Structures are given as structure tokens and as C-alpha cells.
Amino acid sequence: MSASIDRLMPTAPKTLEDTGLAPELVYQILTRSMHVTGANTGTELASKLGVTFAVIEPIIDILKRDRHLEIVGGAIAPQSYVYRLTEAGHARAAEFSEQSQYVGSLPVPLGQYRAYMDAFHRAAAPQVTRVGVRQAFEHLVLSDHVLDQLGPAIAARHSLFIYGPPGNGKTKIAQTIGAILPGEIAIPHAIAVDRDIIRVFDPMNHETVDGQDPSRTFAYGLQRDHRWVRCRRPVVTVGGELTLESLELGFLATSGFYRAPLQTLANGGVLVIDDFGRQRSSPTELLNRWIVPLESRVDHLVLQSGQKFEMPFETLVVFATNLNPLDLLDESFLRRIRYKVYAESPTREDFINIFARCCEERGLVFDREVVENLIATELEPRHVQLRGCHPRDLIEHALSLAAYLEHPNPSQLEPQLLSAACATYFLSDPSFNDR
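As a convention, each chain's residues are numbered from 1 in the sequence order in which they are written. In view of the model being predicted, local features appear only for residues whose pLDDT reaches at least 70, and side-chain atom pairs are presented and counted only at 80 or more, with totals across whole chains, interfaces and linings using the full set of residues. To get the side-chain values, take all heavy atoms of the structure and skip hydrogens and water.

### Details of the sheet that holds strand β13 (residues 270-273)
Inference 1: Strand order in this open sheet of five strands is β10-β13-β16-β5-β17, and the pairing throughout is parallel. Both outer strands of the open sheet, β10 (235-238) and β17 (339-342), are each paired with one neighbouring strand and no more. Sheet twist, expressed as the average angle between the axes of neighbouring strands with direction ignored, equals 20°.
Inference 2: Across four bridges, the pairing between β13 and strand β16 (residues 316-321) is parallel. From the neighbouring strand, Leu 271 faces β16, where its bridge partner is Val 317.
Inference 3: Here, two residues are considered to be in contact whenever any of their heavy atoms come within 4.5 Å of each other. Angular values range over 0 to 180 degrees, each being the angle between N-to-C directions of two axes fitted as lines to C-alpha atoms, with helices fitted over their stretch in contact. Counting from the N terminus, the helices are the DSSP runs of H or I reaching at least four residues and the strands are the DSSP runs of E reaching at least two. Helix-sheet contacts for helix α8 (residues 144-156) involve β5 (160-163) and β17, and the interaxial angle to β17 is about 155°.
Inference 4: Against the sheet, helix α11 (residues 283-296) contacts β13 and β16, and its axis sits at roughly 145° relative to β16. In this description, strands pair whenever DSSP reports at least two bridges between them.

Listed below in C-alpha cells is the structure:
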């Protein structure tokens, strides 16, 4: 599976026509780049645009013909010449910058992006098995019942609703789904819709794959298309800060180009909507925005000019909430979220296992008797429902207290430390809210 995805990595365009871009757009981006960076060799200019010199050489010739560019040095080959803009060239670049200030790798035409995502969708169907799911989630303590519900949902690559009490790892479950998705994906630096440019690659949400193309040379030979970035399958997580505006194209008026919406950033991967129901936009408004994309796998976006276009929607959307789904959405909306998984609270034995893992992660001595005593003397008298987050949180409280008290053996969690941790973690007077 991974090998078939790897074969989809876009190959470098050999000519200007192969880029699929209008020569005028390449002309503008190259001119702005030279306006910003000053004198460069032909190979350096090609590198900045993510293509070979052969691709931009026709544009170089046009710039020379228009007396917007001059040669100021270099060796005998055109790719080794040092080029810089003339005064007329700088003036022209300034005019272009009033419309858009985009510089960097040449964008990928929307048609090429659609073709790539369509091929990726066909090749990237994960072979989800019980063994694979258990391996991916082995760092979490989950029941077989929950794991066997997650597996088919991931295999279907459809929307998924994870709900249940707070503190039971819904967010971690959602984010771990990305680990099951095989292979890597090519993400364009930017996409061109005619002459409008949408920036897509985002270092905050896209993790690049280490290693450079050994054939990388921007003179005349290049194998991989460096207008695209080779990345791991994205896992984009948003919470209460999510707004309807972030699901649309964001036009940057000062720069003249667009920011891709969240669902486009997550294409080929997972979009986690954490704390669903606590956003400023209502759940109904958010689902209304996604009714068509969730069904058709096609999103509809609108440019400032009013032009509408279709963007691939190859995103596994995972909604995670600790609110009652029936209080958030009606039946028709819930039907469109194909899979629902209840993140149940841990059993007593699960709780002890989670506690043991937390101790191991922190290099602490695990004592089962101490944990059973904690449940019996601290949690049960307080009528605390066991949650998956309690072991981690109580251990962190206890370690902070041990450091404060300059405890002689910080690797040993004593009952007194855990008792004090419970006193500051749980509400001590449940009748407080009635006063």
C-alpha cells in the first residue's frame, strides 16, 4: 500500500507547459521574487520557484526582451548567469506586488491537484485489521469493544463521532487514527485557481518527511516536483476556537493571496474537531457547512470575485465531545455522521493498568496496593467516577508536591502524597454550588 502511494509522488515538470500554469502568472511570480531577493543565478532562481531552469528559461527570455532583466555576471551557461532586474523591471514588479505579494514555489494548478487527490484516494484505502488497530492504539488502555468499533470506521474513511464522559482520551483516540493511515502524501506549497493563489502547505499542521531527493538539481535535471512537499498524512486538530470563517478561504488583503481552509489542510488525513459543541458557531451551523462535502467528498469554495470552484474533500472528520450528542444535533444530522463510538470510562482494572503505564513513563515505582488503596480510601468515598485522565493528573500533582516538600525518594509514590493530590484535584465540598 505504502509503495503504491509513493509512486504517486508528482514528477518534476520539464517545460513551462508541463507546469499547467499561465506564462503570465509565472512571469509575475518570478519578477516579484527577483524584486525581493536581488541578483541570482539562473539555478538559484529556479530553486526559489521549485522547478528546473529549463522551466523558467522562456520567462527569462521574455524579461530580457522587455528590458526588465539584465545579465551582470556568471559563467558561459544560461543557468549559471547572474540575473537582476533593471529599473523598469523593479517598477513592473512593484505593480505586480500591488495585486499579490506571493513569492516562493510556483503553485500547482487546481486541475493537477484534483487529479493527484483522486489517484491518492484510490491508492490510499487503508487495510485496517484488528491486529493493526491494536498495534496503533497499544499506548492507550481501551476495551476490545471500543477498538472493534473504531476499526471499521477508520476503514470506511467516513465521518466519525467519538463521545463520552470527559477525561477518557477521546482526543488521543482521534489523533491516533492518523497513525493507522499508511504512507505519505504530497502537499502543494500553493494551488492556483486561474490567477488566484491559495497557500496550502502549513508547517504548523504538515510534518515533512526527512531526506532530500538525491537527484535534486535545479539546472536542467530534477525528478521530484518540488512545488509539492512530501509529508506524513496530516492530523489537524481544532477545538473551541473553530469558527465558520476558518472553513472558508481566508483572503489576506495585505498580501493578495488566500489561506486554505482547515479541511483542505487536512486532505488525505484526519481533521479532529475537539470539544464539539463548545465552539462559537453552533453544531448545526458547522454541520450545515459540511453536509454536502461529507456525502460527496467535494467541497465548494468561493473566491473574492464570487467565482465558485470544487476542492477535493478527502478528509476523515472526527468529532469528539463530552456532551450528549442528542442535545447537539437532531437525527438527520447524526445520520450523516456515519459512525459513532462511545469512549467508555475505564473499569477498575483498566484504571490500575493506566496508572501503571503512567508510572513507567515517568520512571516511578508502581505499587498495585497503593493504587487499590487510593481507589478505596480517596476516590470511592468521594463518589468519583473513574476517568482515564485521573492517573496522569494525580501523579503530576503528587510529583509537584514531592518536589515542593523536597521529598527524599521522588521515585516512590507514597499514599500520603496521593491523598494530598486528591485534596487539590477534586472538589472538597460538593455542596458549594448550592450556596
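Don't stop here, the text continues.
### Overview of the pattern of salt bridges
Inference 1: For salt bridges, the criterion is a side-chain nitrogen of Lys or Arg within 4 Å of an Asp or Glu carboxyl oxygen. Enumeration according to the criterion identifies 22 salt bridges in this entry.
Inference 2: In this structure, the salt-bridge partner of Glu 70 is Arg 84, at a minimum N-O distance of 2.9 Å. Here Glu 70, found in strand β2 (residues 69-74), pairs with Arg 84, found in strand β3 (residues 81-85); they are 14 residues apart in sequence, far enough to count as distant.
Inference 3: Exposure is judged per residue with a 1.4 Å probe applied to protein chains only, and the accessible area is read against the type maximum: over 50% gives exposed, under 20% gives buried, and values in between give partly exposed. Overall, Glu 70 belongs to the partly exposed group, its relative accessible area being 30%.
Inference 4: Given a relative accessible area of 40%, Arg 84 falls into the partly exposed group.
Inference 5: Among the ionic pairs, Arg 289 bridges to Glu 248, the shortest N-O distance being 2.5 Å. Of this pair, Arg 289 sits in helix α11 while Glu 248 is found in the loop between β10 and β11 (250-252), placing the two residues 41 residues apart along the sequence.

By themselves, these are just geometric observations and shouldn't be taken as functional.
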